[in-house]
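Analysis of the macromolecular model
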Amino acid sequence: MTAGPPPRRLLGLDPGLRRTGWGIVDMAGHHLRYVASGVVTSDETRDMADRLVELLTGINRVLDEWKPDEAAVEETFVNKNPASTLKLGQARGVAMLAPALRGLQVAEYSPNLIKKTVVGAGHADKAQIQMMVRRLLPGSSVTQADAADALAVAICHAHHAQTRRFAAVAAR
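Here we summarise the structure given alongside this text.

In terms of residue burial, strand 4 (residues 70-74) counts as a mostly covered element, since five of its five residues are buried. Side-chain alternation along strand 4 places Glu70, Ala72 and Glu74 on one buried face and Ala71 and Val73 on a second face that is also buried. Pairing of strand 1 (residues 8-14) with strand 4, which is carried by four bridges, proceeds in the parallel orientation. Its bridge partner being in strand 4, Gly12 is matched across the sheet by Ala72. Summarising the sheet, strand 4 and strand 5 (residues 105-109) pair through five bridges and their orientation is parallel. The residue of strand 5 that forms the bridge with Ala71 is Val106. You can see the chain leave strand 4, run along helix 2 (residues 82-101) and come back into strand 5, and the turn it takes is right-handed.

This next bit is on the packing of helix 1 (residues 48-66) against helix 2. Two elements in contact, helix 1 and helix 2, have axes whose closest approach is 9 Å; the angle formed by their N-to-C orientations is 35°. The interaxial crossing formed by helix 1 with helix 2 has right-handed handedness. In contact with Met48, Leu52, Leu55, Leu56, Ile59, Asn60 and Leu63 of helix 1, helix 2 contributes Lys87, Gln90, Ala91, Val94, Ala95, Ala98 and Pro99. For the contact of helix 1 with helix 2, the residue count by class is eleven nonpolar, two polar and one charged.

Here Lys67, not a glycine, exhibits a phi torsion of approximately 45°, which is positive. Tracing the chain through its elements places Lys67 in the loop between helix 1 and strand 4.

Attention shifts here to the layout of surface pockets. Regions of empty space are outlined by a rolling probe, equal in size to a water molecule, passed over the atoms. Of the pockets and cavities examined, the largest pocket occupies roughly 680 Å³. Sorting the residues of the lining of the largest pocket by element identifies helix 2, helix 3 (111-118), helix 4 (126-136) and helix 5 (145-171) as the ones contributing at least two each. Tallied by class, the residues present in the lining of the largest pocket amount to ten nonpolar, four polar and 14 charged.

Moving on to the sheet that holds strand 3 (residues 31-41). Here five strands make up an open sheet; going across it, the order is 3-2-1-4-5 and the pairing mixed. Unpaired on one side and paired on the other, strand 3 and strand 5 mark the two borders of the sheet. In this sheet, adjacent strand axes meet at a mean angle of 20° when their direction is disregarded. Alignment of strand 1 against strand 2 (residues 19-28), held across seven bridges, turns out to be antiparallel. Looking at the pairing, Gly12 lines up with Gly23 of strand 2.

What follows covers the nonpolar core. One finds Val133, Leu137 and Leu151 to be the most contacted residues of the largest nonpolar core, which totals 24 residues. Of all the secondary structure elements, the ones that give two or more residues to this core are strand 2, strand 5, helix 3, helix 4 and helix 5. The greatest single-element share of this core, amounting to nine residues, is contributed by helix 5. Formed by 20 residues, the second largest nonpolar core is a distinct cluster that contains Trp22, Val40, Ile59 and Leu63.

Criteria and cut-off values
Within each chain, residues carry numbers counting from 1 in the order of the written sequence. Restriction of local features to residues with pLDDT of at least 70 applies here, the model being predicted, together with a cutoff of 80 or more for giving and counting side-chain atom pairs; totals for whole chains, interfaces and linings are based on all residues. Side-chain numbers here rest on the full set of heavy atoms in the structure, without hydrogens or water. Partly exposed describes any residue whose relative accessible area lies between the buried limit of under 20% and the exposed limit of over 50%, with all areas from a 1.4 Å probe on protein chains only and scaled to the type maximum. Only runs of H or I of at least four residues qualify as helices and only runs of E of at least two qualify as strands under DSSP, and these elements are numbered from the N terminus. Only strands joined by at least two bridges in the DSSP assignment are considered to pair. With its strands directed away from the observer, a crossover is right-handed exactly when the path from the first strand over the helix to the second travels clockwise. Axis definition: a line fitted to C-alpha atoms, limited for helices to the stretch in contact. Angles are taken between N-to-C directions and run from 0 to 180 degrees. If you view the pair so one helix is near and one far, a crossing is left-handed when the near helix is turned anticlockwise from the far one by less than a right angle, and right-handed when it is turned clockwise. A contact between two residues is defined here by any heavy atoms of the two lying within 4.5 Å. Residue polarity is assigned by list, with Asp, Glu, Lys and Arg as charged and Ala, Val, Leu, Ile, Met, Phe, Trp, Tyr, Cys and Pro as nonpolar; anything else, Gly included, falls into the polar class. The way it works is a 1 Å grid over only the protein atoms, where trapped points that fit a 1.4 Å probe form a cavity and open points with protein on both sides within 12 Å along at least five of seven lines form a pocket, and then any residue with an atom within 4 Å of a point lines it. Grid points are joined across faces, edges and corners, and a volume is the space filled by probe spheres set on the points. To define a nonpolar core, start from buried Ala, Val, Leu, Ile, Met, Phe, Trp, Tyr and Cys residues and group those joined through side-chain atoms within 4.5 Å.

The following block contains the structure:
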């Protein structure tokens, strides 16, 4: 009997300046197991630099506690408001930088690909995402939309990273 690949711990991040969702799943072969999830917040009354430090500090706490092997971040979508898009981009930069500084591979996925992977439809709403996350990850009684979105990022990464690994092995 051959042993499968070692389990991988995946961190999904749903960046936002007010709230950055995070979710941790363990992947062993085709099986996913919920580990933890939550939200890192920043104080809206503080200036931008301080808010970004709050996000970085919070994400670093998650990295310290859960020690993921890989990370994935939702790509920024363009809002009608350019100022909001720029702020989201800065929060996303922090979300990518924190794991990258620790030497982790950081993958990026579009919102539509995440929704299509998890729900089966690229334009699923938040309630559909939360329902499918709870179904795919038994034991995850996620109530915060940002945390559910982050778990969806991790699920998407697990699916697509696994597919890339199988393709690489087949190409040898």
